[in-house]
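Observations on chain architecture
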Amino acid sequence: MGGKLLKQITTLHEKPITALKYNGVLDLVVSVDDTKKTNAISFSFSPNGKLLAFLCSDGIVRVFRMLDGKMIRSYDESLEMYSTAQNDPKMEQLHLNKFDFGRRYALEKELEKSNFRKHQSLVFDESGNILMIPTLIGIKVINIVTNKLFRIIGKSESERPLYLALLQGKVEKPDMTGDISRDIIDEMPTKEELQKAALTISKDVKSLSEKPNKLTLYTNVGDIVIKLFPEASPKAIPAEHLNGEYPIVGRVIHGADVVSYIENVNIA
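This structure is a prediction, so every number in the text was calculated from the model and none was measured. Starting from 1, residues in each chain are numbered consecutively following that chain's sequence as written. Thresholds applied to this predicted model are a pLDDT of at least 70 for local features of residues and 80 or more for the giving and counting of side-chain atom pairs; totals over whole chains, interfaces and linings are not thresholded and use all residues. As a rule here, side-chain values cover all heavy atoms of the structure and leave hydrogens and water aside.

**A word on the packing of aromatic side chains**
How we decide: Any two of the Phe, Tyr and Trp rings considered here, Trp counted by its six-membered ring, make a pair once their centres fall within 6.5 Å; the pair's planes then place it as stacked at under 30 degrees, edge-to-face at over 60, or tilted in between. Residue burial is assigned from relative accessible area. The probe radius is 1.4 Å, only protein chains are included, and a residue is buried under 20% of its type maximum, exposed over 50%, and partly exposed in between. Note on conventions: DSSP H or I runs of at least 4 residues are helices, E runs of at least 2 residues are strands, and numbering of each starts at the N terminus. Two limits define a charge over a ring: the Lys NZ or Arg CZ must be within 6 Å of the ring centre, and within 35 degrees of the ring normal.
Applying the stated criterion to the full structure yields four aromatic pairs. Taking 6.0 Å as the distance between ring centres and 85° as the angle between the ring planes, the aromatic pair formed by Phe43 and Phe45 counts as edge-to-face. Note on accessibility: Phe43 and Phe45 belong to one class, buried. On the numbers, 5.8 Å between centres and 80° between planes, the contact of Phe54 with Phe64 is edge-to-face. A residue pair is termed long-range when its members are at least 10 positions apart, and Phe54 in strand β4 (residues 51–56) and Phe64 in strand β5 (residues 60–65) qualify at 10 residues. One aromatic cluster in this structure is built from Phe43, Phe45, Phe54 and Phe64. Against the face of Phe43 rests Lys21, its NZ or CZ located 5.3 Å from the ring centre.

**Observations concerning the sheet that holds strand β6 (residues 71–76)**
Strand pairing within a sheet occurs via backbone hydrogen bonds; the two strands may be parallel or antiparallel. Definition in use: When DSSP locates at least two bridges between a pair of strands, those strands are taken to pair. Axis lines are fitted to C-alpha atoms, over the contacting stretch for helices. Their N-to-C directions set the angle, which ranges from 0 to 180 degrees.
Across the sheet, four strands lie side by side as β3-β4-β5-β6; this open sheet has antiparallel pairing. Strands with a single pairing partner mark the edges of an open sheet, and in this sheet they are β3 (40–45) and β6. The average angle at which neighbouring strand axes cross in this sheet is 15°, direction not considered. Judged from the five bridges that link them, β5 and β6 form a sheet pairing that is antiparallel. Each bridged residue has a counterpart across the sheet, and for Val63 the counterpart in β6 is Arg73.

**What about the pattern of salt bridges?**
For clarity, the cut-off: Whenever Lys or Arg places a side-chain nitrogen within 4 Å of a carboxyl oxygen from Asp or Glu, that contact is recorded as a salt bridge.
This model, assessed by the stated rule, comprises six salt bridges. Arg62 is the partner of Asp58 in a salt bridge, and the nearest nitrogen-oxygen pair spans 2.8 Å. Since its relative accessible area comes to 33%, Asp58 is described here as partly exposed. In this structure, Arg160 and Glu108 form a salt bridge, with 2.6 Å as the shortest nitrogen-oxygen distance. Linking Arg160 in the loop between β10 (148–153) and α3 (191–204) with Glu108 in helix α2 (residues 98–113), this pair joins segments that are 52 residues apart in sequence. Neither residue differs from the other here; Arg160 and Glu108 are each classed as buried. Within the structure, one salt-bridge network assembled from shared partners comprises Asp100, Arg103 and Arg104.

**Here we look at the confidence of the model for the protein**
Quick note on the threshold: pLDDT is a per-residue confidence score from the predictor, ranging from 0 to 100. By definition, residues are in contact when any of their heavy atoms lie within 4.5 Å.
Of the residues in the protein, 72% have a pLDDT of 70 or more, and the chain-wide mean is 77. Confidence, read as mean pLDDT per element, is least for strand β14 (residues 261–264) in the protein (43) and greatest for β6 (95). Overall, residues 255–268 carries pLDDT values under 50, and its contacts beyond four positions in sequence, including any with other chains, amount to 35 contacts.

**Examining the sheet that holds strand β8 (residues 130–135)**
In spatial order, the strands read β7-β8-β9-β10; together these four strands make up an open sheet with antiparallel pairing. Bordering the open sheet on either side are β7 (123–124) and β10, each of which pairs with just one other strand. Pairing of β8 with strand β9 (residues 138–143) involves six bridges; the strand directions are antiparallel. For Pro134, the partnering residue across the bridge sits in β9 and is Ile139.

**Quick word on the pairing of strand β2 (residues 28–33)**
In this structure, strand β1 (residues 17–23) lies alongside β2, joined through six bridges in antiparallel fashion. Looking at the pairing, Tyr22 lines up with Val29 of β2.

**A word on a nonpolar patch on the surface**
Heads up, the condition is: Only residues whose relative accessible area exceeds 30% and that form no salt bridge are eligible for patches; like-charged ones are grouped when within 9 Å, while nonpolar side chains (Val, Leu, Ile, Met, Phe, Trp, Tyr) are grouped when within 5 Å. All accessible-area figures derive from a Shrake-Rupley calculation using a 1.4 Å probe, and residue coverage is judged against the displayed protein chains alone.
Where nonpolar side chains cluster on the molecular surface, the patch consists of Ile17, Leu20, Tyr22 and Val29 and spans about 430 Å² of accessible area. In terms of residues, the nonpolar patch owes the most to one element, β1, which gives three residues. Along the polypeptide, Ile17 turns up in strand β1.

And the structure:
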């Protein structure tokens, strides 16, 4: 709209606004302020715009229906709940060893006092049936239709997840119209590639008696120069293998590691 102010509301909130988000499906805005009892740290709409999930400062996750404002689910993610769960045999899925839980408990207490807490977020999957919540034991994946926790991502990791983002989409099928018989992994380098490598390597190493201080790895998308230290490791850098007769030629394959295939080629 060219930066033009459309509407200004000055009497809606009595406290400073802590979060504001637009629901494009229902064409409305939801805003929350800093209340005394509990306030929303963050919130998220489901993709169809019909559900709204709040992550609140009291440690409770609350899920509401947008059309009637009714709360349909709530999940206790407070420190008190996790402390109780450690001694409850019925909540074995949330158990951690004592040392690890003590460390994460202390970290969570510090997080409650810091500004990083407000950077936490919730995220729905594309169906709107799955809600992902960052917690001190990892990322909880909850089916809000069946009301079941069916996965915890990163439970064994030491990092504490905060801000979540989810990318879902269809996997594109590879183009099979070309020459599918070609094996680019085991394919030999071309004659031009070998000649170029031999000429450049011969310039790098002046004589067999001289220890090289660099090695150039020639790939189909550019050269990689590796610095060598012959004084520190003379036996590990034999000049006779870098005299231009045995160039090192590699190929970079899309989707693989940086250098997927390296082979010593004798062009003498």
